[in-house]
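Single-letter residue listing:
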2 protein chains.
Amino acid sequence: MIKIAVDAMGGDYAPAEIVKGVEEARDRYPELTFLLFGIEDQVVPLIQNQERINFVATTEVIAMGDEPVKAMRDKQDSSMVRAAQAVKDGEADALFSAGNTGALLSSAIFIVGRIKGVDRPALATAIPAVDAKNGHNQFIFMDLGANAESKPAHLYQYGILGSFYASHMLGYDNPTVRLLNNGAEEDKGDEVHKEAHQLMKQSSDFNFLGNVEARELLEGTADVVVADGFSGNAALKSMEGTALVILGQLKKAIMNGGLRGKLGALMLKPALKKLKGQLDFNNQGGAVVLGVNAPVVKTHGSAKATAVANTMGQIKMMVEQNLVPDTAAFIAENKDKLKVKKSAN
Amino acid sequence: MIKIAVDAMGGDYAPAEIVKGVEEARDRYPELTFLLFGIEDQVVPLIQNQERINFVATTEVIAMGDEPVKAMRDKQDSSMVRAAQAVKDGEADALFSAGNTGALLSSAIFIVGRIKGVDRPALATAIPAVDAKNGHNQFIFMDLGANAESKPAHLYQYGILGSFYASHMLGYDNPTVRLLNNGAEEDKGDEVHKEAHQLMKQSSDFNFLGNVEARELLEGTADVVVADGFSGNAALKSMEGTALVILGQLKKAIMNGGLRGKLGALMLKPALKKLKGQLDFNNQGGAVVLGVNAPVVKTHGSAKATAVANTMGQIKMMVEQNLVPDTAAFIAENKDKLKVKKSAN
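Residues numbered from 1 in each chain as written. Chains lettered and ligands numbered in written order. Predicted model: local features only at pLDDT ≥ 70, side-chain atom pairs only at ≥ 80, totals over all residues. Heavy atoms only, no water.

Just to check I follow, could you spell out the sheet that holds strand S2 (residues 32-38) of chain A for this structure?
Hydrogen bonds along the backbone pair up the strands of a sheet, which may run parallel or antiparallel. Residue and element names in this part refer to chain A. Taken together, the eleven strands give an open sheet; going across it, the order is S3-S2-S1-S4-S11-S10-S5-S6-S9-S7-S8, and neighbouring strands pair in mixed fashion. On the outer flanks of this sheet lie strand S3 (53-57) and strand S8 (207-212), each paired with one strand and no other. Within this sheet the neighbouring strands show an average axis-to-axis angle of 25°, counted without direction. As judged from the six bridges shared by strand S1 (residues 2-7) and S2, these two strands associate in the parallel manner. (Pairing = 2+ DSSP bridges. Helix = DSSP H or I, 4+ residues; strand = E, 2+ residues; numbered from the N terminus. Axes fitted to C-alpha atoms, helices over the stretch in contact; angles between N-to-C directions.)

Structure representation (structure tokens):
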């Protein structure tokens with residue numbers, strides 16, 4: 001049995017859609033059990049069927065706008081902190097939340113704890129790749145903003161963490177890795193990216209193919225794209241924002257196109273629907289904190305029950321595929337080599 | 001009369017489309033004259049009518065793939081370097097190129113020269129804003145990658161340079177400025193962005209509204225968005241790449257949609273065309289080097305004659321609007337105050 005600690009209070013539709021999603025996942029995956037943390041009188045009445053769901057009462061809630069580290073430290077009896085504590089104490093195998101991303105990151109790093117030898121856990125997600133030459137329709141993009149500042153050795157470690165995630169979760173053999181940089185040539189970028197490129201180029205720890213520019217990201221030029229958290233965050237949000245604006249403008253153009261526009265839209269409906277699905281970044285599963293001692297997954301704040309249940313499926317796979325132990329074992333075996341990289345910069 | 005020094009050899013369709021564009025601009029704008037630099041036997045036969053076009057023979061060409069600073073230093077008789085030199089020597093008022101962006105930047109900074117008091121000239125462009133609340137349908141986005149590394153004082157200066165560009169070229173009164181950061185709150189980002197935010201917040205030099213996240217960029221939340229060159233480049237290229245992929249997938253979906261898809265597309269044609277125009281980042285004019293002693297404008301490498309002529313119109317407006325002298329005068333008047341900001345970090 002796999003036990004998932006669930007923060008029932010985080011997310012725009014919490015706790016209703018979280019509880020509903022947990023029940024959907026319970027019915028879908030017989031190997032899952034849940035430890036649900038939340039405010040008793042808000043959560044318990046929502047549970048239809050307690051099979052494989054254990055409820056733990058907590059008294060506090062970390063809000064979306066709370067300052068992350070402070071919230072984690074001050075709200076010791078919050079649903080998120082208690083859920084993280086359960087993972088640390090071995091009472092659960094993984095942590096789920098749809099709440100405050102920064103607080104979840106802090107809980108993952110300071111409570112669940114870093115894998116020994118990992119300096120900076122990072123936030124990763126799968127992104128749709130469109131017509132990729134390697135035939136892979138998703139790639140792993142990280143760091144999405146866990147770390148505002150990264151050193152070359154951190155970017156190097158992201159390459160290892162991302163490779164394990166891509167091989168274990170997407171089934172890619174010897175995943176290819178690229179570094180997000182503002183030019184294809186190895187001398188491009190600031191000092192951090194130039195040095196990171198050199199470290200990666202000499203890597204025997206993963207399959208490095210060189211730099212990638214943000215313009216080519218969605219074309220899926222690699223199975224893993226490593227970015228510093230600041231520009232990774234900017235690139236991801238630019239892509240999301242652009243996709244939303246275009247689809248919104250398309251809809252508006254159709255609406256303003258009179259009968260002709262509406263008829264055209266009706267005929268194009270299947271094509272438009274397919275396109276929208278392809279470009280739905282939230283459809284690709286939750287964002288994962290890589291480099292900590294257990295699977296920690298953040299699903300989108302606006303996630304409804306089915307998205308919650310899908311994320312539980314993702315967590316189940318992370319546990320079954322042995323992602324964290326395999327990553328930890330590799331880093332332990334190579335710790336001397338990785339230390340050298342660190343002292344080099 | 002306004003005299004523009006033209007690098008006739010830079011760009012994918014140079015020199016043919018550059019020369020054609022210059023002639024189109026000459027016919028369109030009676031106040032423009034051109035100093036055309038290029039390889040004699042390649043350029044001269046293309047000129048249909050020499051009215052207000054003076055040709056200067058050069059022997060070298062800076063290629064798209066050349067290492068920028070090295071190319072500028074080594075190829076002293078290249079069309080780009082000679083054109084820049086003409087601006088420096090007062091023989092021309094502005095510099096145009098569709099060639100190697102990095103080499104043009106270097107030529108702008110080291111040959112045309114920085115405005116006194118400007119530490120880091122930056123690359124700026126107008127971006128379409130969609131349904132902006134302030135009613136403005138474009139905003140200025142900078143730095144797009146002139147500087148891989150920026151200090152807080154540099155970001156602060158971009159705010160000044162961008163404000164002058166927005167007021168002079170887009171006609172926005174007291175332009176609003178935001179800082180691209182990975183969160184809306186003032187404590188977000190790395191040290192550079194936190195300090196830059198504090199400098200800008202206390203600014204009396206421009207109208208600062210706070211941070212903007214990349215996701216909201218296209219919504220036009222400000223008239224000027226200031227970014228460090230690394231993440232500004234990543235955000236711009238992510239937006240361009242996403243727009244291209246979506247429009248490409250839409251086309252493909254229509255093609256694969258059978259008769260129904262094609263009929264629908266036919267009916268939606270006006271709406272789709274409008275959308276494409278709205279999202280064409282290259283339609284918004286060339287990228288401008290701000291902070292140097294004359295207008296220096298880089299149009300897209302794939303620009304054809306009409307795009308070249310449009311860019312000449314943009315340069316004409318920069319000169320007529322007195323952009324560079326007004327910017328320089330403001331910076332000279334405030335140099336003591338700006339020095340203080342610099343020493344603070």
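For this particular structure, what's the right way to read the relation of the copies chain A and chain B?
In this arrangement, two copies of a chain are superimposed by a rotation about an axis accompanied by a shift along the axis. Between chain A and chain B, which share one sequence, the superposing operator has a rotation angle of 180° and an axial displacement of 0.0 Å; the RMSD is 0.0 Å. What we have between these two chains is a two-fold relation. Ranked by how close their C-alpha atoms come to the rotation axis, the residues of chain A are headed by A:Gly264, at 1.9 Å. When the interface residues of chain A are mapped onto chain B, 100% of them again lie at the interface, so the same face is used by both copies. (Least-squares fit on C-alpha atoms with pLDDT ≥ 70 in both. Contact = heavy atoms within 4.5 Å.)

Help me understand the domain arrangement of chain A in this model?
How big an interface is tends to be reported as the loss of accessible area on association of its parts. All names here are of chain A. Segmentation of chain A into domains returns domain 1 (1-118 + 291-320) and domain 2 (119-284). With twelve residues of domain 1 in contact, the opposing surface of domain 2 contributes eleven residues. A combined buried area of about 1,000 Å² lies between domain 1 and domain 2, and 70% of that area is made up of carbon and sulfur atoms. The largest contributions to the domain 1 side of the interface with domain 2 come from Leu105, Val118 and Met317, which together make up 41% of the buried area. (Domains from an automatic or database assignment. Buried area = accessible area lost by both parts, 1.4 Å probe.)

Would you mind going over the interface of chain A and chain B with me for this structure?
Each side of the interface is counted separately: chain A has 54 residues, and chain B has 55 residues. Taken together, both faces of the contact between chain A and chain B bury some 4,700 Å²; the carbon and sulfur share is 67%. Connecting chain A to chain B are five salt bridges. Put simply, A:Lys237 and B:Glu213 hold a salt bridge, and the shortest N to O gap is 2.1 Å. Viewed at the interface, chain B and chain A are joined by seven residue pairs in polar contact (both at pLDDT 80 or more). (Salt bridge = Lys/Arg side-chain N within 4 Å of Asp/Glu carboxyl O. Polar contact = N/O pair within 3.5 Å; in protein donor to acceptor, adjacent residues only side chain to side chain.)

How do you make sense of the packing of aromatic side chains when you look at a structure like this?
One pair of aromatic rings is described through two measures. These are the centre distance and the angle between the planes. All names here are of chain A. On inspection of all chains with the given rule, the structure shows six aromatic pairs over all chains. For the ring pair tyrosine 156 and phenylalanine 206, a centre distance of 5.1 Å and an interplane angle of 45° mean the geometry is tilted. On the criterion of sequence distance, the pair formed by tyrosine 156 in helix H6 (residues 152-169) and phenylalanine 206 in the loop between helix H7 (191-201) and S8 is long-range, its members being 50 residues apart. Grouping residues by exposure puts tyrosine 156 and phenylalanine 206 together as buried. Just above the ring of tyrosine 13 sits the side chain of lysine 304; from NZ or CZ to the centre is 4.7 Å. (Phe/Tyr/Trp six-rings, centres within 6.5 Å; stacked < 30°, edge-to-face > 60°. Buried < 20%, exposed > 50% of the residue type's maximum accessible area, 1.4 Å probe, protein only. Lys NZ or Arg CZ within 6 Å of the ring centre and 35° of its normal.)

Teacher, can you tell me more about a nonpolar patch on the surface here?
All names here are of chain A. On the surface, a cluster of nonpolar side chains totalling about 310 Å² of accessible area is made up of Leu259, Leu263 and Leu266. Here leucine 259 shows up in helix H9 (residues 258-278). Accessibility expressed as a relative area gives 67% for leucine 259, which makes it exposed. (Patch = residues over 30% accessible without salt bridge, like charges linked within 9 Å, V, L, I, M, F, W, Y side chains within 5 Å. Areas by Shrake-Rupley, 256 points an atom, 1.4 Å probe, with all protein chains shown as cover.)

I keep staring at unusual backbone geometry and nothing clicks. Help me out?
Trans is the prevailing form of peptide bonds, just as negative phi is the prevailing case for residues other than glycine. All names here are of chain A. Omega for the bond connecting alanine 14 with proline 15 falls within 30 degrees of zero, at -5°, which places this linkage in the cis form. When you line up the elements, proline 15 lands in the loop between S1 and helix H1 (16-28). A cis amide bond, omega -10°, links methionine 142 with the succeeding residue aspartate 143. You can see aspartate 143 is positioned in the loop between strand S6 (138-142) and H6. One non-glycine residue, asparagine 174, adopts positive backbone phi at about 45°. Within the secondary structure layout, asparagine 174 lies in the loop between H6 and strand S7 (176-180).

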